[in-house]
Every structure is written in C-alpha cells, then in structure tokens.
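Structure at a glance
Listed here are the chains, written in short residue letters.
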Amino acid sequence: MLLKGFKKSKDKLDQLYQKGTELNDQVENKVLEFGKDILEDKFRKVFDTIDMIFNAINSDFSSFLFNNERISNKDECFKILFLAIYRLLSEGFVISGYKTVANSIKSADSILDPFTKRGKIDYEKANEAVNNL
C-alpha cells in the first residue's frame, strides 16, 4: 500500500526489512509522511471490520471461505479482502449488515479463486480483484 508498484519476492522482502536499504528507507519515509499513528488507526479499523464481518457469521476468514482446506496463496486472498475493506472505509462507506457482507464475500469466489493457485501473482489482476470485491 505504501509503495506503488511493489511486487513481492524474496529479494524485495529482504530489502524491505533490512535497515539502511533504499526500499526500507522509502517505506520509513512513507510512514513518516502519512503518520505512524494514522496508519495504525486505519489498519486497526480494517482488521476490526474484518473481525466484525466474520463474527457476524460465527466464523473466521479461513473456515468460512475455504472450509479450513490447505490453500496456496490464502494470504493473497486475505490481502485482496483487506485492501477492498481499506478502500471502502477510506471512501467513507459504513457497513451496517456484516452478515450480508460475509455472504457477499463468500459468493465472490470467482474473484478470489484465481489467487488460490500456487504460482506467481499477477498484480494487475489482484488490483482488479480488489476493485471488483
């Protein structure tokens, strides 16, 4: 979210987390620019919203969407959900029917299914999935 065009790879993640690298410095600067407390608050609201969605149906992300199956790239599916909720909240949307939202997410399996396969993630398609979700 902080680095436009960032594509996850082992090398990029190593650079991201290693102090003093250009990538690490870019992220540190973005955090300072946005404000650490503001970012934490926004992220907390997204996680709280996700919790409320799945609490409304007495379940959790993995159990509800994947029947606790071992799924590759489940983290990518969560990222798509996280970003979709983040965008909605940032645009001022308020969720009033958490159970309805949970069922809508479940019925959006055609959006998430392509990302459950092991392999390279197409980031343009992932962004499109966020918009569609």
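Residues numbered from 1 in each chain as written. Predicted model: local features only at pLDDT ≥ 70, side-chain atom pairs only at ≥ 80, totals over all residues. Heavy atoms only, no water.

**Looking at the packing of helix H3 (residues 36-55) against helix H5 (residues 74-90)**
One way to put it is that H3 packs onto H5 with a least axis distance of 9 Å and a crossing angle of 110°. Put simply, H3 runs roughly perpendicular to H5. Once H3 is placed against H5, the crossing between them reads as right-handed. Contacts between H3 and H5 pair Lys 42, Phe 43, Lys 45, Val 46, Phe 47, Thr 49, Ile 50, Ile 53 and Phe 54 from the former with Phe 78, Leu 81, Phe 82, Ile 85, Tyr 86 and Leu 89 from the latter. (Axes fitted to C-alpha atoms, helices over the stretch in contact; angles between N-to-C directions. Helix = DSSP H or I, 4+ residues; strand = E, 2+ residues; numbered from the N terminus. Parallel < 35°, antiparallel > 145°, perpendicular 65-115°, else oblique. Left-handed = near helix turned anticlockwise from the far one by under 90°. Contact = heavy atoms within 4.5 Å.)

**Remarks on the pattern of salt bridges**
Scanning the model with the defined rule gives six salt bridges in all. When the shortest N-O distance is used, the salt bridge between Asp 41 and Arg 44 registers 4.0 Å. One end of the pair, Asp 41, and the other, Arg 44, are both in helix H3, three residues apart, so they sit about a helical turn from each other. Judged by its relative accessible area of 32%, Asp 41 falls in the partly exposed class. Here Arg 44 falls in the partly exposed class, since its relative accessible area comes to 46%. Two residues, Lys 79 and Glu 76, come together in a salt bridge whose shortest N-O distance is 3.2 Å. Taken as a pair, Lys 79 and Glu 76 lie in helix H5 at a separation of three residues, close to a single helical turn. Residue class for Glu 76 comes out buried when judged on its relative accessible area of 3%. Taken together, the salt bridges that share partners define one network made up of Asp 41, Arg 44 and Lys 45. (Salt bridge = Lys/Arg side-chain N within 4 Å of Asp/Glu carboxyl O. Buried < 20%, exposed > 50% of the residue type's maximum accessible area, 1.4 Å probe, protein only.)

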